[in-house]
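Below, each chain spelled out in residue letters.
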Amino acid sequence: MQKFETVTGVAVPFRRSNVDTDQIIPAVYLKRVTKTGFEDALFAGWRQDPEFILNQPAYASPRILVAGPDFGTGSSREHAVWALRDYGFDVVLSPRFGDIFRGNSGKQGLLAAEVAEDDIERLWAAIEAEPGIELTVDLVAKTVAVGALSVGFEIDDYTKWRLLEGLDDIGLTLQDEAGIERFEAGREHWRPRTLPVQNEETLEKA
Amino acid sequence: MTENDTARPRTLAEKVWDAHLVKKGSGGEPDLIYIDLHLVHEVTSPQAFDGLRAAGRPVRRPDLTIATEDHNTPTLAIDRPIADLTSRTQIETLRTNAREFGVRLHSLGDIEQGIVHVVGPQLGLTQPGITVVCGDSHTSTHGAFGAMAFGIGTSEVEHVLATQTLPLKPFKTMAITVDGELRPGVTAKDIILAVIARIGTGGGQGYVLEYRGSAIRALSMDGRMTICNMSIEAGARAGMVAPDQTTFDYLHGRPHAPKGADWDDAVEYWKTLATDDGATFDAEVLIDAAALEPFVTWGTNPGQGVSLSESVPDPSSVEDLNERAAAERALEYMDLAAGTPLKDIAVDAVFMGSCTNSRIEDLRAFASIVAGRKKADGVRVMVVPGSARVRLEAEAEGLDKVFTEFGAEWRFAGCSMCLGMNPDQLAPGERCASTSNRNFEGRQGKGGRTHLVSPLVAAATAIRGTLSSPWDLQAEPAPMAMGGAR
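Predicted model only: the values in this text are computed from it and were never measured. (Residues numbered from 1 in each chain as written. Chains lettered and ligands numbered in written order. Predicted model: local features only at pLDDT ≥ 70, side-chain atom pairs only at ≥ 80, totals over all residues. Heavy atoms only, no water.)

1. Some thoughts on the overall build of chain A
Assigned secondary structure in chain A consists of eight helices and seven strands. In summary, chain A has a C-alpha radius of gyration of 22 Å against a globular reference of 17 Å for 206 residues, an excess of more than 25%. Viewed in the frame of its principal axes, chain A has a C-alpha envelope of about 80 × 40 × 25 Å. Counting only residues that meet the buried cut, chain A has 47% of its 206 residues in that class. In chain A, once contacts between residues fewer than 6 apart in sequence are set aside, the share between residues at least 24 apart is 68%. (Helix = DSSP H or I, 4+ residues; strand = E, 2+ residues; numbered from the N terminus. Rg over C-alpha atoms; globule rule 2.2 N^0.38 Å. Buried < 20%, exposed > 50% of the residue type's maximum accessible area, 1.4 Å probe, protein only. Contact = heavy atoms within 4.5 Å.)

This is the structure:
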């Protein structure tokens, strides 16, 4: 996972609330065997509509989604975060997130930042006044800035730390790789191993 | 570990946990536990390997990892390309990943291919005192050897591939003591169905179960695996049986079991694993083995079961309102009326297989009942061995002929109709007596109705066409031959 510090990029005024994960990525896309390549699946239902905001030229390469309250509710599918990341989003701003979605985001390097509802309104107004304008999200200072407007956001310290350090669960565990190596050095040598393969032939030779 | 820790009487589960502690969690953090054996199959591994690839990480210990194809594999015409595109893609992806990451894989057609939970023990890889994980909830099977074994999600599969460890929160322990002697015709499957009916599908939540008592000690390894396999249906993290001479005899001489002086060292260690006298469990359940009868489920969760001699229960007699509603919904889905004697229920199909009951002893048990008889008209009977080796062993004993002469289909190894990810499925409305582990709505095919039973009950049901146990056959003319009986 890459270290997260500041992101400057095109922001989308996403004037919708209660966007559940079934809307973020419909179930039909869950049969795939990869963890990447879900960009075509993001908001697949809504993207059929030519007027949908992500189909507008000003928002062709967005990095920040500025959404209404209760973003990412419903099904626990980790695919919702994958689809947002694959599409190019690094940040979602919303007054409230679904718990599981927020947890999944932190693990996958997507910043889910809580911004007060009236600040979201102000951000929407600023973006809509100049479609395609870039926002700057600063994780260290916990601020979102566009032009002269700057608002704060909330994120728990543990997730902030993990994002700043670029640590996923695996990265966290591997911080103590020496501990794993020490443990391995002390394992009994006769514990089972799958390799080399043992079968009748090797048993006869032994 | 401090001296204090080792001095305190501990349970089997606590001993295995303590022996795998890489790092003790502090301040609400989970413990970091070392994983001795990681089993992999095609359904829950693709995204995990893809995650490794994206992060540029290798598989830390390919020598502690083994993969097999089971969930999607066809059980007929295994030499032809898999027709279903999703299934084929998942299997081809596993093959690519295994090659790229250096993981041992037993593919369709390989002599060691089969259901992952049949293959591990058969190779001697599943050993007492180890930790085993797999992206599959029935990993609990391996607890029969005194291993701590549990199912994990795809993100955790990736975590184990990359680090050979898992962050885990400690568990509670529950002793399930089954004392007394089982009556003839009553088997391990009946014990575990009775346990789940007793404690409920959520009764084991947060617990590692330890099965104890004379009835458990008397069981073979195959029987113990059947019991541990379904621990997850009681909601438990894992189920375990302390290793004993039966365990050691099963393992001795298997390809990956310790050899020579190592064997002696291993056995000496394994003997220390049993729960200490004076160790305490957080909960205890007692079951009288002698009182058990052949068991069967009537509903749509594995806890909805009763003795076969009883009738379909009346939901209005259930006190808990949620459970009453669940029972009503279940009877509607199962198309059953309260008060119907279970033995009056006719089936369309009998499925003999799954990681619960597809080992050689299960097939022998089934054969011992059907030998020399003919299946009931109109009942489709499918026998699916758990692994290619079990299939060969059965054929060497002539069991395949017993099955086909009985009128059953003799298939290749895999998960098959237990979950219907391959073409082996029930049609809507079809009713099946199944030796598998889940009677959920649609589990064996959309609209299919499942009654969970033992191999002996499956066999008797296939003969009579209605839910039956071997006890119901005794009044009938004796079979002409008992070819497969053991």
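Now that the structure has been shown, we can carry on.
2. Some points on the pattern of salt bridges
Taken as a whole, this structure holds 39 salt bridges over all chains when the rule is applied. Of the charged contacts, one joins B:E14 and B:R8 as a salt bridge, the two residues approaching to 4.0 Å between their closest N and O atoms. Of the charged contacts, one joins B:E233 and B:R438 as a salt bridge, the two residues approaching to 3.0 Å between their closest N and O atoms. Taken together, the residues B:E233 in the loop between helix 9 (221-229) and strand 11 (238-240) and B:R438 in the loop between strand 18 (431-434) and strand 19 (449-452) connect sequence positions 205 residues apart. Residue B:E233 shares its accessibility class with B:R438, and that shared class is buried. One connected set of salt bridges, linked through shared partners, spans A:E177, A:E184, A:R193, B:R60, B:R61 and B:D63. (Salt bridge = Lys/Arg side-chain N within 4 Å of Asp/Glu carboxyl O.)

3. So, the UniProt feature "domain: Aconitase A/isopropylmalate dehydratase small subunit swivel" (unreviewed entry) in chain A
Here the UniProt-annotated "domain: Aconitase A/isopropylmalate dehydratase small subunit swivel" (unreviewed entry) positions come out as residues 1-116 of chain A. Its end C-alpha atoms 28 Å apart, residues 1-116 of chain A is made of 20% helix and 20% strand. (UniProt positions renumbered as here; feature names shortened; annotations may be inferred.)

4. Describing the sheet that holds strand 11 of chain B
Residues and elements named next belong to chain B. The four strands are arranged 11-10-9-12 in an open sheet whose pairing can be described as parallel. Strands with a single pairing partner mark the edges of an open sheet, and in this sheet they are strand 11 and strand 12 (283-288). With strand direction ignored, the average angle separating the axes of adjacent strands in the sheet is 20 degrees. In this structure, strand 10 (residues 207-212) lies alongside strand 11, joined through three bridges in parallel fashion. (Pairing = 2+ DSSP bridges. Axes fitted to C-alpha atoms, helices over the stretch in contact; angles between N-to-C directions.)

5. Observations concerning the nonpolar core
In terms of nonpolar packing, the biggest core is built from 80 residues, with B:F49, B:I176, B:Y211 and B:W270 touching the most fellow members. If you tally residues by element for this core, the top one is helix 7 (residues 188-199) of chain B, at eight residues. Look past the residues within four positions of B:I176 in its chain and what remains in contact with it is B:V195, B:I199, B:L209, B:E210, B:Y211, B:R212 and B:V285. Residues A:V10, A:A41, A:W82 and A:Y87 belong to the second largest nonpolar core, which totals 54 residues. (Core = buried A, V, L, I, M, F, W, Y, C linked by side-chain atoms within 4.5 Å.)

6. Some details on the UniProt feature "binding site: [4Fe-4S] cluster" (unreviewed entry) in chain B
Residues and elements named next belong to chain B. UniProt records the feature "binding site: [4Fe-4S] cluster" (unreviewed entry) at C355, C415 and C418, using the numbering of this structure. What stands out for the annotated residues spanning 64 residues is how close their C-alpha atoms remain, the widest pair being 8.6 Å apart. Mapped onto the secondary structure, C355 falls in the loop between strand 15 (349-352) and helix 13 (360-370). By relative accessible area, C355 is classed as buried at 8%. Beyond its immediate sequence surroundings of up to four residues, C355 is in contact with I115, H117, H138, N229 and N437.

7. Here we look at the environment of B:G445
All names here are of chain B. Mapped onto the secondary structure, G445 falls in the loop between strand 18 and strand 19. When the C-alpha positions of G445 and C418 are compared, they lie 9.2 Å apart, and in sequence the two are 27 residues distant. Leave out the neighbours within four places in its chain, and G445 touches Q425 and L426.

8. Quick notes on the pairing of strand 2 (residues 62-67) of chain A
Residue and element names in this part refer to chain A. Where burial is concerned, most of strand 2 is hidden: five out of the six residues are buried. Of the pairings in the sheet, the one linking strand 1 (residues 6-14) to strand 2 comprises five bridges and is parallel in character. Bridge assignment links V12 to a residue of strand 2, and that residue is L65. Direction of pairing for strand 2 relative to strand 3 (residues 91-94): parallel, over a ladder of three bridges. Within strand 3, the position partnered with L65 by the bridge is V92. In this view, the connection linking strand 2 to its parallel neighbour strand 3 by way of helix 2 (residues 79-87) has right-handed handedness. (Right-handed = clockwise from strand over helix to strand, strands pointing away.)

9. Regarding the sheet that holds strand 6 (residues 131-134) of chain B
Residues and elements named next belong to chain B. Taken together, five strands build an open sheet; the order of strands is 5-4-3-6-7 and the sheet is parallel. Only two strands of the sheet have a single neighbouring strand rather than two, namely strand 5 (104-106) and strand 7 (148-151). Between one strand and the next, the sheet's axes are offset by a mean angle of 20 degrees, whatever the strand orientation. Alignment of strand 6 against strand 7, held across four bridges, turns out to be parallel. Of the residues in strand 7, the one forming a bridge with C134 is G151. The sheet strands contacting helix 4 (residues 85-101) are strand 3 (37-40), strand 4 (65-68) and strand 5, and the helix crosses strand 5 at an angle near 150 degrees.

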